[in-house]
Amino acid sequence: MDDQHCQQCDSNATASTSLSVFTYYTPNLPYYTYRAGIMTIYPDFDQHGYQILQELGRNREGGRITWLGSDVKTKQQVVLKQFCFAQFGSSWSGFEAHQREIQILQGLAHPGIPKYMGSFATSDGFCLVQEYINAPSLAEARKFTPGEIKQIAIKALEILVYLQNLYPPVIHRDIKPENILVDEALNVYFIDFGFARIDSGEVSGSSVFKGTPGFIPPEQMFEPTDATDLYALGTTLICLLTQIKSPEIRELCDRNNPYLIKFSHLLPKLSLRFLGWLENMVQPEQDKRFANAQAALAALQALDVMRVPGVDFSQPVLQFKANRLGEKLTQSITVENTIPDTLLQGRWEVAPHLNDPPHTPDHHAWIFVTPAEFSRNHTQCQIEVDTSQLMADKQYKRQLILHSNAYPASHTLTVKVQTATLPIEKLAIPYAWLAGVLVICMIASASMTWFITVVGLWAVMSAIMAAMLGAVIGAFGGITIGLIIGGMLGILFNFDEIVITRIAGAIGIVLGLPLGSVQALLSIDSKIGIGIGIGIGIWILFIVFAAWKASIFDRYRHYDYGNYRYVYRWIAILLSLLSAGLGISFGIICIIGFVNLYILLVLAGTGLPLISMLLYPPLKRRRLIAQYRQSEKPLIEL
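Described in the following lines is the structure provided in the data block. Since we're looking at a predicted model, the values are computed, not measured.

## Considerations on helix α11 (residues 597-631)
Taking 1.5 Å per residue, 35 residues should reach 51 Å; α11 reaches 50 Å between its end C-alpha atoms and fits that length. The sharpest bend along α11 measures roughly 30° and falls at Tyr616, with the proline Pro617 sitting one to four residues further on. Among the residues of α11, Ile599, Leu603, Thr606, Gly607, Leu610, Met613, Leu614, Pro617, Lys620 and Ile625 are the ones counted as buried.

## Here's the deal with the packing of aromatic side chains
All told, the structure shown has seven aromatic pairs when counted by the stated rule. Pairing Tyr42 with Trp67 gives two aromatic rings, centres 5.8 Å apart and planes at 75°, and the pair type is edge-to-face. Taken together, the residues Tyr42 in the loop between β4 (38-40) and β5 (50-59) and Trp67 in strand β6 (residues 64-71) connect sequence positions 25 residues apart. Where Phe45 meets Phe120, the ring centres are 5.4 Å apart and the plane angle is 70°; that geometry is what we call edge-to-face. Separated by 75 residues along the polypeptide, Phe45 in the loop between β4 and β5 and Phe120 in strand β8 (residues 116-122) bring together distant segments of the chain. Each member of the pair Phe45 and Phe120 is classed as buried.

## Brief notes about the nonpolar core
Leu157, Leu160, Leu163, Phe190, Phe263 and Trp277 are the most contacted members of the largest nonpolar core, which totals 59 residues. The set of elements that each furnish at least two residues to this core consists of α1 (93-106), α2 (146-165), β11 (180-182), β12 (188-190), α3 (228-242), α4 (272-281) and α5 (293-301). In this structure, Leu163 is in contact with Leu108, Ile113, Pro169, Val170 and Phe193, ignoring residues within four places of it in sequence. If you look at the next biggest cluster of nonpolar residues, it comprises 29 residues, including Phe313, Ile367, Val369 and Ile383.

## Details of the side chain of Asn337
Relative to the elements of secondary structure, Asn337 occurs in strand β16 (residues 328-337). Side chain to side chain, Asn337 and Thr342 meet in a polar contact 3.0 Å long. Once you skip the residues sitting within four places of it in the chain, Asn337 turns out to touch Pro309, Gly310, Thr342, Leu343, Leu344 and Asn377.

## Looking at the sheet that holds strand β19 (residues 373-375)
The sheet built from five strands is open, its strands ordered β15-β22-β21-β17-β19 with mixed pairing. With one partner strand each, in any of the chains shown, β15 (317-321) and β19 form the two edges of the open sheet. Each strand axis lies, on average, 20° off the axis of its neighbour in the sheet, ignoring direction. Inspection of the sheet shows strand β17 (residues 345-350) paired to strand β21 (residues 395-404) by five bridges, in the antiparallel sense. Paired with Glu349 across the strands is Ile401, a residue of β21.

## Here we look at unusual backbone geometry
Working note: non-glycine residues mostly have negative phi, and peptide bonds are mostly trans. With omega at -5°, the peptide bond leading from Tyr167 into Pro168 counts as cis. Following the sequence through the fold, Pro168 ends up in the loop between α2 and β10 (170-171). Unusually for a residue other than glycine, Leu186 sits at a positive phi of about 65°. Here Leu186 shows up in the loop between β11 and β12. Residue classification places Leu186 among the buried residues on the basis of a relative accessible area of 15%.

## Some thoughts on the pairing of strand β18 (residues 367-370)
Here β18 shows one buried face, formed by Ile367 and Val369, and one open face, formed by Phe368 and Thr370. Inspection of the sheet shows β18 paired to strand β20 (residues 378-386) by four bridges, in the antiparallel sense. Bridging from a neighbouring strand, Phe368 pairs with Glu384 of β20.

## Considering the pairing of β6
Of all the eight residues making up β6, eight are buried; the element is thus mostly covered by neighbouring parts of the structure. In β6, alternate side chains face the same way, and those of Arg64, Thr66, Leu68 and Ser70 on one face and Ile65, Trp67, Gly69 and Asp71 on the other are all buried. Here eight bridges tie β5 to β6, and the two strands are oriented antiparallel to one another. Residue pairing across strands places Tyr50 opposite Asp71, the latter belonging to β6.

## Section: the environment of Gln315
Its place among the elements puts Gln315 in the loop between β14 (311-313) and β15. A relative accessible area of 28% places Gln315 in the partly exposed class. The spacing of Gln315 and Val335 is 20 residues in sequence and 9.3 Å in space, taken between C-alpha atoms. Residue contacts for Gln315: discarding those within four places in its chain leaves Gln331, Ser332, Ile333 and Leu413.

## Thoughts on the packing of α2 against α5
Between two packed helices, the angle of one axis relative to the other and the distance separating the axes together describe the packing. Between α2 and α5, whose axes approach to 8 Å, the crossing angle comes to 155°. If you check the angle between α2 and α5, you find them roughly antiparallel. The crossing of α2 and α5 is left-handed. Residues Lys150, Ala153, Ile154, Leu157, Glu158, Leu160, Val161 and Gln164 of α2 pack against Ala293, Gln294, Ala296, Leu297, Leu300 and Gln301 of α5. Residues belonging to the contact of α2 with α5 are distributed by class as follows: nine nonpolar, three polar and two charged.

## Re the packing of α3 against α4
Where α3 contacts α4, the two axes come as close as 8 Å, and the packing angle between them is 135°. The angle between the axes of α3 and α4 places the two elements in the oblique class. The segment α3 lies against α4, with Leu230, Tyr231, Leu233, Gly234, Leu237, Ile238 and Leu241 engaging Phe274, Trp277, Leu278 and Met281. Classifying every residue of the contact of α3 with α4 gives 10 nonpolar, one polar and no charged.

## Quick notes on α5
One turn of the α-helix equals 3.6 residues, which is why residues spaced by three or four share an orientation. Along α5, the positions that sit buried rather than exposed are Ala293, Ala296, Leu297 and Leu300. Looking straight down α5, one finds its buried side chains confined to an arc of 100°; they lie on one side. Buried positions along α5 lie against α2, α3 and α4. Capping of α5 at its N-terminal end is provided by Asn292; its side-chain oxygen lies 3.2 Å from the backbone amide nitrogen of Gln294.

## Quick word on the side chain of Ser271
Within the secondary structure layout, Ser271 lies in the loop between α3 and α4. In terms of polar contacts, Ser271 uses its side chain to reach the backbone amide nitrogen of Arg273, at 3.2 Å. For Ser271, the side chain forms a polar contact with the main-chain oxygen of Asp304, separated by 3.3 Å. With near-sequence residues (within four places) excluded, Ser271 lies in contact with Asp304, Val305, Met306 and Arg307.

## Details of the sheet that holds β18
Here four strands make up an open sheet; going across it, the order is β14-β16-β20-β18 and the pairing antiparallel. Each edge of the sheet is formed by a strand with only one pairing partner; in this case those strands are β14 and β18. Averaged over all adjacent pairs, the angle separating strand axes in this sheet is 25°, with direction ignored.

Cut-offs applied
Residues numbered from 1 in each chain as written. Predicted model: local features only at pLDDT ≥ 70, side-chain atom pairs only at ≥ 80, totals over all residues. Heavy atoms only, no water. Helix = DSSP H or I, 4+ residues; strand = E, 2+ residues; numbered from the N terminus. Expected span 1.5 Å × (residues − 1). Bend = angle between axes of the 7 residues up to and from the residue. Buried < 20%, exposed > 50% of the residue type's maximum accessible area, 1.4 Å probe, protein only. Phe/Tyr/Trp six-rings, centres within 6.5 Å; stacked < 30°, edge-to-face > 60°. Core = buried A, V, L, I, M, F, W, Y, C linked by side-chain atoms within 4.5 Å. Contact = heavy atoms within 4.5 Å. Polar contact = N/O pair within 3.5 Å; in protein donor to acceptor, adjacent residues only side chain to side chain. Pairing = 2+ DSSP bridges. Axes fitted to C-alpha atoms, helices over the stretch in contact; angles between N-to-C directions. Parallel < 35°, antiparallel > 145°, perpendicular 65-115°, else oblique. Left-handed = near helix turned anticlockwise from the far one by under 90°. Nonpolar A, V, L, I, M, F, W, Y, C, P; charged D, E, K, R; others polar. Arc of directions from axis to C-beta.

Laid out in structure tokens, this is it:
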């Protein structure tokens with residue numbers, strides 16, 4: 001409280017007598033009071049119901065003495081602030097402050113503000129009575145930890161929030177270490193509302209310079225706002241953090257801008273975010289400060305005062321892809337501390353998931369991190385995933401949590417795992433080729449039907465026989481030449497039987513086509529065009545069928561499907577024959593122009609089996625997948 005000493009309050013020596021109590025007022029000397037013949041230096045306020053216990057402080061320029069007293073009836077300790085306006089060197093301007101303080105205190109009810117208990121007039125001024133708080137001010141030499149200073153700041157801001165939420169709001173205008181009390185439990189109290197204003201507005205000339213230098217923001221000279229008290233509170237916190245007394249705060253002010261306080265270099269161990277918050281509090285320009293105490297409080301509560309490490313992952317997402325079932329996959333990630341002069345300490349944990357078995361922070365069913373704990377600023381961690389616990393052909397997603405001493409305390413890393421495909425090969429049915437066979441057979445059958453109706457059955461049959469004979473001769477000749485060439489190449493280059501067979505087939509196709517066409521050309525005189533056309537058509541059908549059959553066999557030759565392997569081969573052959581039969585039926589219908597019972601039977605006999613055989617492979621695969629999924633029940637789901 002007002003611990004600056006002043007001269008005594010009275011300017012004229014007077015005497016007062018009340019029974020056995022005698023009080024003498026002597027200029028420039030303390031009070032002298034005689035009680036039952038015993039002289040004391042305290043004033044006599046017995047008639048007002050208060051007894052003085054001791055002096056707490058003096059303000060020479062303001063003509064104010066602060067006493068610790070007690071209520072005569074209740075014995076409750078109180079604070080009496082005596083305003084001596086008639087003393088030498090003081091002025092009656094303090095009377096306005098006294099009246100303002102009474103007016104403001106009467107409307108306040110907050111545990112951080114001493115209660116107003118009354119006032120009474122004295123021979124030379126007034127006396128204000130308030131609740132006594134047994135706590136020293138922040139001006140006294142005390143050491144607080146940065147964490148304790150943050151708690152003091154939070155409680156001080158809560159008081160300011162209360163004052164600013166009043167209607168009209170109250171602006172203290174004289175916040176400084178001397179006017180803030182803090183007890184051992186870090187409870188904070190604001191005192192001395194003599195300079196306070198109710199609501200903002202232009203400041204009169206008589207009160208322009210009210211406040212303490214170094215704690216006054218520029219706008220207080222003209223029009224104080226809610227941000228005004230934040231500047232003074234920020235300066236007070238700087239005094240606590242730097243152990244600088246309030247009169248010495250000017251040493252931290254910039255020479256070119258006395259309202260700009262430079263303090264960050266004195267606090268190297270404090271959090272950069274907290275220092276930024278404090279710099280915001282003491283910005284000379286109020287529009288760069290927090291708008292009010294509520295905004296400053298909300299920003300402060302989430303901050304760490306001490307400088308803490310930062311966390312940076314080399315990649316935010318780890319993606320694993322297994323090529324075979326039960327494979328163990330490993331990737332590495334680097335964890336960096338981004339804040340200098342700090343040490344990062346961390347501990348990994350797999351975030352709980354509904355489908356994972358219960359696990360502890362030290363052990364997980366299928367995700368492992370090495371090292372699980374570390375205390376370094378540069379750490380390379382190995383993330384291992386065991387897919388033997390997972391279902392096939394699924395994508396899993398889990399979260400790794402890094403608990404650390406950084407800000408924020410937890411950081412998450414996403415892990416995505418794509419397991420190997422199902423061990424059931426998808427059967428690729430050559431729909432395009434089957435459609436081609438259907439179209440070729442339609443055209444061929446339509447042509448044959450037209451030939452029969454136009455040229456005659458015997459001529460067509462002769463042409464077909466000639467073409468078939470030419471095809472057979474050409475095929476045998478081509479294959480014979482192909483076997484001879486393939487055998488020679490096999491001897492030279494050590495080819496196996498399959499390669500030799502393919503070479504023979506290719507040479508047979510290339511040589512057989514022209515040989516068959518020539519044979520057809522020589523066999524038929526009058527029907528040359530018909531024979532050549534039919535021969536070429538049959539050879540096209542033979543080439544396509546042979547190529548497709550070879551592709552089917554090669555596709556499933558490397559997979560062991562048990563008894564189903566031979567079933568798939570017969571399916572390939574039957575699909576070809578049924579497609580050809582269906583095409584022939586449609587070709588005949590197109591030329592004849594009508595549908596009879598026999599044609600319908602042919603369509604049913606070829607179309608229905610074709611459809612069923614097309615549906616058989618996918619349905620069979622679905623059944624196999626269902627059986628496999630049934631065997632995966634003990635495994636972990638997504």
